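Commentary on secondary and tertiary structure
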Amino acid sequence: MPLSVPLGPEDSNRYTVHVERVRWDAAELAQHGSASVEALTSTAREELRSSFHCFAATLLEADVSVTEHADGAAEAVARVLCDSDICAAAAQPYESKLDEEAEAARNVPFVPLIYYLTALGLHRNETGLP
């Protein structure tokens with residue numbers, strides 16, 4: 001389920017966290033054998049790229065966390081930080097939906113955020129994109 005969550009107060013420079021969650025049941029994981037976690041991680045990253053056609057989601061490597069469940073299923077959550085004003089404006093409607101996914105996106109660890117901000121700046125400088 002793709003989700004864009006705004007970060008920061010409305011009057012500041014806003015950032016957006018794009019999130020894609022992929023869950024595979026035990027049977028689907030078994031099809032991939034010992035490479036199932038890597039395949040699930042890769043799928044989450046690819047679905048994030050295809051769900052959000054912005055600069056950050058397309059070019060940056062998403063941070064992915066995988067959770068294994070007691071029923072044999074596993075879930076991968078891919079997140080990428082975006083500094084586009086367009087994405088921040090599109091994410092605003094999600095502010096009223098304070099669900100678990102939005103709260104989890106707002107709690108992305110600080111160090112990856114700094115990495116993404118630096119990488120976005122470098123990519124933009126190299127390509128001349130705004």
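Since the structure is predicted, the reported quantities are computational estimates derived from the model, not experimental observations.

On a plain count of helices and strands, the protein chain comes out with 6 helices and 4 strands. Helices (α) and strands (β) of the protein chain occur, in sequence order from the N terminus, as β-β-α-α-α-β-β-α-α-α. Across the 130 residues of the protein chain, 40% fall into the buried class. If you sum the accessible surface of the protein chain, you get close to 7,300 Å²; carbon and sulfur atoms cover 55% of it.

What follows deals with the sheet that holds strand β3 (residues 63–68). If you walk across this open sheet you meet the 4 strands as β1-β2-β4-β3, and the pairing is antiparallel. Where the open sheet ends on each side, the last strands, each with one partner, are β1 (3–7) and β3. Neighbour-to-neighbour, the strand axes of the sheet open up by a mean angle of 25°, direction not taken into account. Bridge count between β3 and strand β4 (residues 74–82): 6 bridges; the pairing is antiparallel. Bridging across to β4, E68 finds its partner in A74. Where helix α2 (residues 36–51) meets the sheet, its contacts fall on β2 (15–24), β3 and β4, and the angle it forms with β2 comes to roughly 135°.

Let's shift gears to the pairing of β1. Counting buried residues in β1 gives 5 out of 5 residues, a clear majority hidden from the surface. Burial along β1 is two-sided: the residues L3, V5 and L7 and S4 and P6 are all buried. Pairing geometry for β1 and β2, over 5 bridges, is antiparallel. The residue of β2 that forms the bridge with S4 is H18.

A separate point is α2. Helix length check: α2, at 16 residues, gives a terminal C-alpha distance of 22 Å against a target of 22 Å (1.5 Å per residue), a fit within 8%. Buried residues of α2: S36, A39, L40, T41, A44 and L48, and no others. As for α2, its buried residues are in contact with β2, α1 (26–31), α3 (55–59), β3 and β4.

Moving on, we get to the nonpolar core. Within the largest apolar cluster, 23 residues are counted, with the highest numbers of intra-cluster contacts made by L40 and A56. Broken down by secondary-structure element, the contributors of at least two residues to this core are β2, α2, α3, β4 and α6 (110–127). Among the elements that line this core, the one with the most residues is β4, at 5 residues. The residues contacting L40, other than those within four sequence positions of it, are V22, W24, L29, V66, A74, E75 and A76. Residues L3, L7, V77 and L81 belong to the second largest nonpolar core, which totals 7 residues.

Thresholds applied
- Residues numbered from 1 in each chain as written.
- Predicted model: local features only at pLDDT ≥ 70, side-chain atom pairs only at ≥ 80, totals over all residues.
- Heavy atoms only, no water.
- Helix = DSSP H or I, 4+ residues; strand = E, 2+ residues; numbered from the N terminus.
- Buried < 20%, exposed > 50% of the residue type's maximum accessible area, 1.4 Å probe, protein only.
- Areas by Shrake-Rupley, 256 points an atom, 1.4 Å probe, with all protein chains shown as cover.
- Pairing = 2+ DSSP bridges.
- Axes fitted to C-alpha atoms, helices over the stretch in contact; angles between N-to-C directions.
- Contact = heavy atoms within 4.5 Å.
- Expected span 1.5 Å × (residues − 1).
- Core = buried A, V, L, I, M, F, W, Y, C linked by side-chain atoms within 4.5 Å.

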